[in-house]
Amino acid sequence: MDIATRVYNHKWKIDPIIRSLIDTDFYKLLMCQSVFRNKPDTNVTFSLINRSTKIPLARLIDEGELREQLDHIRSLSLSRGESTWLRGNTFYGKRQMFRPDFMEWFEGLRLPPYHLERKGDQYELTFEGKWHEVMLWEIPALAVLMELRSRAVLNDMGRFELQVLYARAMTRVWEKIEQLRDVDGLSIADFGTRRRHGFLWQDWCVQAMREGLGAKFTGTSNCLIAMKREVEAIGTNAHELPMVYSALAADDAALARAPYDVLSDWHDEHEGNLRIILPDTYGTKGFLDHAPDWLAGWTGIRIDSGDPAAGAEIAIKWWQDRGEDPSQKRVIFSDGLDVEKIIELHQQFSGRTKVSFGWGTLLTNDFRGLVPGDGLAPFSLVCKAISANGCPTVKLSDNPEKAMGPATEIARYKRVFGVGEQVRQEVVV
């Protein structure tokens, strides 16, 4: 595919950014089924949050074009082929991962309305409704904003300029792949949907990874690309689950239990490589210190904030203290990774644990330095659940720069979960 020509043709031909309801991350569908089963009556509000306020999205992106893309998403429904793939495919070694009642609901779904308002140089974009419905807005909303920003920057480029730009970007990705080829025992997946440069570019990156890395490339988080390219769909769960469960807690005691209630429900539904702990929502060390013994038997852990090596060391010690063999456990690193950090972490922990990597934004959106003013550099855009049944949600993270929620509630959560001083780290992506 000539991506440069397709991008050039955006100027005169509508090319929808989101092509399918399964142009989303696999973990969203797994979590959606869990919510559908366990919390069907919970009302949640999601909101777009631009952590990189220096990027004036409302000045870069035309509101009419944004509405056109969002309205298009609301018109989408599962195709017969997509439904067949979800119903009949084997995921993580299990057939019929998605239950018939969930699939029947999903096949009839149209995403609920959105609320869009310009506030200065930013957009306020929110989604309100039943949790299992509005949660499916998160990934496509982020992908639309990211790609519209890319299109805005590329809009004034000519055909040859675009060809040179993408040739340089392709060379950069391929050089990264060549560095990773030499890493023995590497296990790496594409986690780059939410902040990708564009759908066509993510699809190209997946094909390049598959050709360049062979069996070291384990799959993609993007369901549509996984189906289209016949690779594994990869993903487990995210911070959204404990954030909402915690917001629903009636008192401090229930709040302290909430992150474990989430995983208890997950334990009932999944096994094997889907039993991956994401411990950093309210601080990794405190979470593991107070975790029930049965969680030590889970397959592994995902490190998604703070110092990744420090997080892995905490997990290894925790497994050892609980009588588990860390070398048989999987540690998945997934926060702001690029080649140098991937190689460093693999060398540090290979053999001590089963090391895996979820490579996100700096795989699917590394155009740093390739246009004047660095106008295509990736930035930190998130879409988070901000309230549940009218109660605010909170995320603390292992990096206070990623914390979110009302100040009074953040203080309360820090007290309940015993979170002390934290080291601030720059949020790159």
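It should be noted that the structure appears before, not after, this text.
All of the points below concern the structure found in this document. Keep in mind that what you see is a predicted model, and the values were worked out from it rather than measured.

## Overview of the packing of aromatic side chains
For the coordinates displayed, the defined rule picks out 26 aromatic pairs. Seen from their ring centres, Trp294 and Trp298 are 6.3 Å apart, and the 55 degrees between their planes marks the pair as tilted. Aromatic side chains Tyr413 and Phe417 sit 6.0 Å apart centroid to centroid with 45 degrees between the ring planes, which places their arrangement in the tilted category. Placement of both Tyr413 and Phe417 in helix H18 (residues 407-417) is noted, with a separation of four residues, approximately one turn of the helix. Grouping residues by exposure puts Tyr413 and Phe417 together as buried. The rings of Phe26, Phe36, Trp85, Phe91, Tyr92, Phe98, Phe102, Trp105 and Phe106 are connected pair by pair, giving a single aromatic cluster.

## Quick look at the sheet that holds strand S9 (residues 300-303)
For sheets, the rule is that strands pair by backbone hydrogen bonds, running either parallel or antiparallel. Pairing in this open sheet of six strands is parallel, and the strands run S7-S6-S11-S10-S9-S8 from one edge to the other. Only two strands of the sheet have a single partner each, and these edge strands are strand S7 (217-220) and strand S8 (276-277). Note: S9 against strand S10 (residues 330-333), four bridges, orientation parallel. Considered in S10, the bridge of Gly300 is made with Arg330.

## Brief notes about helix H15 (residues 308-321)
Here H15 contains 14 residues, and its C-alpha end-to-end distance of 20 Å stays within 8% of the 20 Å for a straight helix at 1.5 Å per residue. Listing the buried residues of H15 in full gives Pro308, Ala309, Gly311, Ala312, Ala315, Ile316, Trp318 and Trp319. The secondary structure elements touched by the buried residues of H15 are S8, helix H14 (284-289), S9, S10 and helix H16 (339-349). Its side-chain oxygen placed 3.0 Å from the backbone nitrogen of Ala309, Asp307 serves as the N-cap of H15.

## What to know about the packing of helix H9 (residues 159-181) against H16
One way to put it is that H9 packs onto H16 with a least axis distance of 10 Å and a crossing angle of 10 degrees. Our classification of the angle between H9 and H16 gives roughly parallel. Contact residues: H9 offers Lys176, Gln179 and Leu180, while H16 offers Val339, Glu340, Ile342 and Ile343.

## A few points about the nonpolar core
By size, the foremost hydrophobic cluster in this structure holds 130 residues, and its most contacted members are Leu86, Phe98, Phe106, Leu165, Tyr166, Phe333 and Trp359. Here this core gets nine residues from one element, more than from any other, and that element is helix H8 (residues 138-154). Those residues in contact with Leu86 that sit more than four places away from it in its chain are Ile22, Leu29, Leu78, Phe91, Phe98, Met103 and Phe106. Among the nonpolar cores identified, the runner-up in size contains 12 residues, and Ala254, Leu396, Met404 and Phe417 belong to it.

## Remarks on helix H10 (residues 199-213)
If you check H10, its first and last C-alpha atoms are 21 Å apart, about what 15 residues at 1.5 Å a residue would give, namely 21 Å. With 11 of its 15 residues buried, H10 lies for the most part within the structure. Among the residues trailing H10, Gly214 stands out with phi positive, at a value near 60 degrees.

## Points about the pairing of strand S5 (residues 122-130)
Judged from the five bridges that link them, strand S1 (residues 43-50) and S5 form a sheet pairing that is antiparallel. Of the residues in S5, the one forming a bridge with Val44 is Gly129. Across five bridges, strand S4 (residues 115-119) lies against S5 in antiparallel orientation. Directly across from Lys119, in S5, lies its bridge partner Gln122. Linking S4 to S5, which pair antiparallel, is a turn of two residues; within it Gly120 sits at a positive phi near 65 degrees.

## Considerations on the pattern of salt bridges
Per the counting criterion, the structure on display carries 30 salt bridges. Among the ionic pairs, Asp121 bridges to Arg59, the shortest N-O distance being 3.3 Å. Of this pair, Asp121 sits in the loop between S4 and S5 while Arg59 is found in helix H3 (residues 57-60), placing the two residues 62 residues apart along the sequence. On the basis of relative accessibility, which here comes to 33%, the residue Asp121 falls in the partly exposed class. Note that Asp203 and Lys228 form a salt bridge whose closest N and O atoms lie 3.4 Å from each other. Taken together, the positions of Asp203 in helix H10 and Lys228 in helix H11 (residues 223-229) put the pair 25 residues apart, joining distant regions of the chain. Through salt bridges with shared partners, one network takes in Arg172, Lys176, Asp338, Asp366 and Arg368.

Quick notes on the rules
Residues numbered from 1 in each chain as written. Predicted model: local features only at pLDDT ≥ 70, side-chain atom pairs only at ≥ 80, totals over all residues. Heavy atoms only, no water. Phe/Tyr/Trp six-rings, centres within 6.5 Å; stacked < 30°, edge-to-face > 60°. Helix = DSSP H or I, 4+ residues; strand = E, 2+ residues; numbered from the N terminus. Buried < 20%, exposed > 50% of the residue type's maximum accessible area, 1.4 Å probe, protein only. Pairing = 2+ DSSP bridges. Expected span 1.5 Å × (residues − 1). Contact = heavy atoms within 4.5 Å. Polar contact = N/O pair within 3.5 Å; in protein donor to acceptor, adjacent residues only side chain to side chain. Axes fitted to C-alpha atoms, helices over the stretch in contact; angles between N-to-C directions. Parallel < 35°, antiparallel > 145°, perpendicular 65-115°, else oblique. Core = buried A, V, L, I, M, F, W, Y, C linked by side-chain atoms within 4.5 Å. Salt bridge = Lys/Arg side-chain N within 4 Å of Asp/Glu carboxyl O.

So far we have only geometry, and geometry alone does not tell us how the molecule works.
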